[in-house]
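Close look at the chain arrangement
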Amino acid sequence: MGAGSCRNRAFQLKYCPVEQISNEIRVGYADQALNGLLRAIGSEHRPFDRRFSQGEDFFIHLDDPLTVPHFHIHHDVRQPEPSRAYLSALMTVTEQLVQRAPQVLKGLTCFFDPAEILRPCFYHVYRIGDELFLYMLRVDLMMHAAESSVIERGTNDMTPAYSSNHLFLEATLIPLEKVVQQGERVEGFRIRQTISQTWIGEFGRGYFQQGIWMDADLTKFFSRLFLPAEKKTYPYYPFLCRYKTVCQSVIALDPDGRAAAVPLLHRSLEFLIPAMDEIQAEMKNSAFSEQMGIYRELKGRIPQSWYEAWQGVRVEAYLNNSDMREFRIEG
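Computed from a predicted structure; not experimentally measured.

Moving on to the overall build of the chain. Regarding its fold elements, the chain presents eight helices and 16 strands. In the chain, buried positions account for 48% of the 331 residues. A separation threshold of at least 6 residues defines the contact pool for the chain, and within that pool the share at least 24 residues apart is 66%. On the chain, roughly 16300 Å² of surface is accessible, and the fraction owed to carbon and sulfur atoms is 49%.

Following this line, the structure appears as structure tokens:
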């Protein structure tokens, strides 16, 4: 990210956000045919592996390859509705995913995001008491060259058509303040922001001036805090600093797995919020360390029973067919 920098370079491309201007996620056009397909998904489960690439990107390995057609690269963000060609191409991909991993999309609703047309969004809202949580699944339709076979080359305006057994995606659980509705129609989600500021400052001059955020260090802080002391899950960090709040990275992608993640985030938030100002104050002055005073204090207060949810999570490193390091995750 040319305009910014994080303390932890390994996180820089994926976890250094631009400063949040709004605390809302807007819901765009929802296609009836596409969502009808999602509502018709049955109870079938198909097997797949969950893995991370050498670049720390999460993907699922499918038994049968997915064929992704051409997509237009450009879209006017002022245009809230997609073209018929886009919807047709997205339906083609979604139909295949429903056949290969139906549990990943079961119970979700899709909407069009004009700002990220190659990362279609699927969601579901959960509730614990009066607290709301948004499960948001982003599917990455860009071709990853090392994991894909080109069917037809792309152009300056169109992505390549390709096939791949690897589907890259991002599944995040986000605490909400409110679901914004107009009558029965969902228009957006107002995020419950629990972190006041992740911007620390700048360094450099002129064109070389870069910003510094603490998001990466907070992600490490939250994740290490709730994992058992001996548990190593790199590159999987279960708790994330996103949208100026604490989110959860979900790896159990079926409906039961998603639902089981909600109380974990709920109790973690309730534990962290009273100490959040002190956490931020200490993190502004130094990178994350397990020797930090506030970390050691909070770690000592974690009930042992809270670690049980993570005991079964295992990460195994291996070399793929191209001698590139990847990680298989189980649990």
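That shown, we press on.
Taken as a whole, the chain shows an average pLDDT of 90; of its residues, 89% reach a score of 70 or greater. Per-residue pLDDT stays below 50 along residues 1-21; that stretch engages in 58 contacts with residues further than four places along the chain or on separate chains.

Inspection of the entire model under this criterion finds 17 aromatic pairs. Arranged with centres 4.9 Å apart and planes meeting at 40°, the rings of Phe-59 and Phe-168 form a pair that is tilted. Residue Phe-59 is located in strand S4 (residues 58-68), and its partner Phe-168 is located in strand S9 (residues 161-182); the two are separated by 109 residues in the primary sequence. Phe-168 carries the same exposure label as Phe-59, and that label is buried. Connected via pairs of aromatic rings, a cluster forms that spans Phe-226, Phe-239, Phe-271, Trp-306 and Trp-310. The side chain of Arg-328 reaches across the aromatic face of Tyr-318, ending 4.4 Å from its centre.

A separate point is the side chain of Ser-164. Checked against the element boundaries, Ser-164 lands in strand S9. Once you skip the residues sitting within four places of it in the chain, Ser-164 turns out to touch Pro-65, Leu-66, Glu-147 and Ser-148.

What follows concerns helix H3 (residues 84-100). For H3, with 17 residues, the first-to-last C-alpha span of 24 Å sits near the 24 Å given by 1.5 Å per residue. Every buried residue of H3 is accounted for by Tyr-86, Ala-89, Leu-90, Met-91, Val-93, Thr-94, Gln-96, Leu-97, Val-98 and Arg-100. Those residues of H3 that are buried lie in contact with helix H2 (32-39), S4, helix H4 (102-105), strand S5 (109-111), strand S6 (121-128) and S9.

Attention shifts here to the nonpolar core. Leu-105, Leu-137, Phe-221, Phe-222 and Ile-279 are the most contacted members of the largest nonpolar core, which totals 76 residues. Beyond its immediate chain neighbours, meaning those up to four positions away, Ile-279 contacts Leu-218, Phe-221, Leu-272, Ile-294 and Leu-298. One finds Cys-121, Leu-132, Ile-174 and Val-179 within the second-largest nonpolar core, a separate group that totals 14 residues.

Conventions we followed
- Residues numbered from 1 in each chain as written.
- Predicted model: local features only at pLDDT ≥ 70, side-chain atom pairs only at ≥ 80, totals over all residues.
- Heavy atoms only, no water.
- Helix = DSSP H or I, 4+ residues; strand = E, 2+ residues; numbered from the N terminus.
- Buried < 20%, exposed > 50% of the residue type's maximum accessible area, 1.4 Å probe, protein only.
- Contact = heavy atoms within 4.5 Å.
- Areas by Shrake-Rupley, 256 points an atom, 1.4 Å probe, with all protein chains shown as cover.
- pLDDT = per-residue confidence, 0-100.
- Phe/Tyr/Trp six-rings, centres within 6.5 Å; stacked < 30°, edge-to-face > 60°.
- Lys NZ or Arg CZ within 6 Å of the ring centre and 35° of its normal.
- Expected span 1.5 Å × (residues − 1).
- Core = buried A, V, L, I, M, F, W, Y, C linked by side-chain atoms within 4.5 Å.

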